[in-house]
Amino acid sequence: MSKPTSPFTKEQLLPQEETIEVARKKGKLFIGIPKETSYQEKRVCLTPDAVAALTAHGHRVLLETNAGIGASFSDRDYSEAGAEITNDKAKVFGCPIILKVEPPSLEELEHINPQSVLISALQLKTQTKDYFQALAKKRITALGFEFIRDSDGAYPAVRALSEIAGTAAVLIASELMNSVSTSGSGLMMGNISGVPPVEVVILGAGTVGEFAARSAVGLGANVKVFDNSITKLRCIQTNLGRTLYTSTIQPKNLLKALRRCDVVIGAVRGKNRAPVIVTETMVERMKQGAVVIDVSIDMGGCFETSEVTSHDHPTFEKHGVVHYCVPNIPSRYARTSSLSISNIFTPYLLQIGDEGGIESAVRFDRGLKSGLYFYHGILTSKPIADWFDLSYRDINLLII
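Since this is a predicted model, take the numbers as computed values, not measurements.

Calculation rules
Residues numbered from 1 in each chain as written. Predicted model: local features only at pLDDT ≥ 70, side-chain atom pairs only at ≥ 80, totals over all residues. Heavy atoms only, no water. Pairing = 2+ DSSP bridges. Helix = DSSP H or I, 4+ residues; strand = E, 2+ residues; numbered from the N terminus. Axes fitted to C-alpha atoms, helices over the stretch in contact; angles between N-to-C directions. Parallel < 35°, antiparallel > 145°, perpendicular 65-115°, else oblique. Left-handed = near helix turned anticlockwise from the far one by under 90°. Contact = heavy atoms within 4.5 Å. Nonpolar A, V, L, I, M, F, W, Y, C, P; charged D, E, K, R; others polar. Core = buried A, V, L, I, M, F, W, Y, C linked by side-chain atoms within 4.5 Å. Buried < 20%, exposed > 50% of the residue type's maximum accessible area, 1.4 Å probe, protein only. Polar contact = N/O pair within 3.5 Å; in protein donor to acceptor, adjacent residues only side chain to side chain.

(A) Looking closely at the sheet that holds strand β12 (residues 315-318). Read across the open sheet, the seven strands follow the order β9-β8-β7-β10-β11-β13-β12; overall the sheet is mixed. Strands at the two margins of the open sheet, each flanked by one partner only, are β9 (245-247) and β12. With direction set aside, neighbouring strand axes in the sheet form an average angle of 20°. Bridge count between strand β7 (residues 199-203) and strand β8 (residues 222-226): five bridges; the pairing is parallel. Within β8, the position partnered with V201 by the bridge is K224.

(B) Spotlight on the packing of helix α7 (residues 156-176) against helix α8 (residues 207-218). The contact between α7 and α8 brings their axes to 7 Å, and the two run at 40°. The angle between α7 and α8 places the two elements in the oblique class. Crossing angle aside, the handedness with which α7 passes α8 is right-handed. Judged by residue contacts, R159, S162, E163, A165, G166, T167 and V170 of α7 engage T207, V208, E210, F211, A212, S215 and A216 from α8. Taken together, the residues that form the contact of α7 with α8 break down as six nonpolar, five polar and three charged.

(C) Focus on the nonpolar core. L46, L99 and F345 are the most contacted members of the largest nonpolar core, which has 46 residues in total. Broken down by element, this core gets its largest block of residues, eight residues, from helix α12 (residues 334-355). Contacts of L99, omitting those with residues within four sequence positions, involve I31, G32, I33, P34, C45, L46, I119, F345 and L349.

(D) Local environment of the side chain of H323. As for its placement among the helices and strands, H323 is situated in strand β13 (residues 321-324). Here the side chain of H323 touches T305 through a polar contact of 2.7 Å, side chain to side chain.

Right under this line is the structure:
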């Protein structure tokens, strides 16, 4: 009987060594944190504790002098945590990774080296076409932290700052109602025995509305929440663990609530602009001394009478109603906001270091990839391209 023929030699049929994947080499990050120069911006991206965690993993952090002073973190706090301190702004912007709260200005972009990584807020509605052209010219890789998603598909940075804004809105309203204020009604959110509770109306049942309701209920106020999403209204009652007055935004019910309320908080978002829900006529029919907190003012405001104010002059009076329309409410509580932002940044930075760099990190983390809007000078965000009439490329075709 003839032997069966084989296309392989005897040596080729012997067991061969298997080639396995080589472990990714961890990278050492060099992070620059410049001092925020935007108007009334006092937050900082990393706290001293976060810097200590990063330096313990072998990463370097270069901090501009007094970068954390607005959030009550001294240069000494950072130095003892392992950060390097310098008063040379250009040196900080020369780091391979730049970490900021607010997006850098065009002047600051001039100091950034080509092929650097920029991690900051994007704030699309406040940007110009020149900003993105400057990023492209420098071939920068940029991430907007408000677009980064977590494992649940939520936006952790947006939610964290919304929690602060919602809670702060109630605290600010409570302060504006005191008798020391020029137009204060003299009421207190305290649920004092025998005294009718303060009436609070909240427009919008998102994260801001939920935490505003949580704080108002905790202070003993009578809360009414309006939103056109039944699902959100149901969720806010479930999350608070109690039954609230909830209603869709119907003019008759809303007007009735506004005429009786002491505080109204606007927390409604829109695609390009916040919808105007409360007209000037409705404001005219509100109580004298009532307080309006328009958290949606950064998107145009949901009150027809709203006008942008600042932390220096936060309020104005119109038709006997006190209006508070500061766009950057979380910056009022800079230390808490910095702690919250730092808690989000730190794990991602450690992950980027463990993965060997930003490219490997975004390749394996879909949530981090969603925050990427520039990759080596190539625009990868369709909303930005549509807004400014720019060309873009799909990030999945660039990172394989």
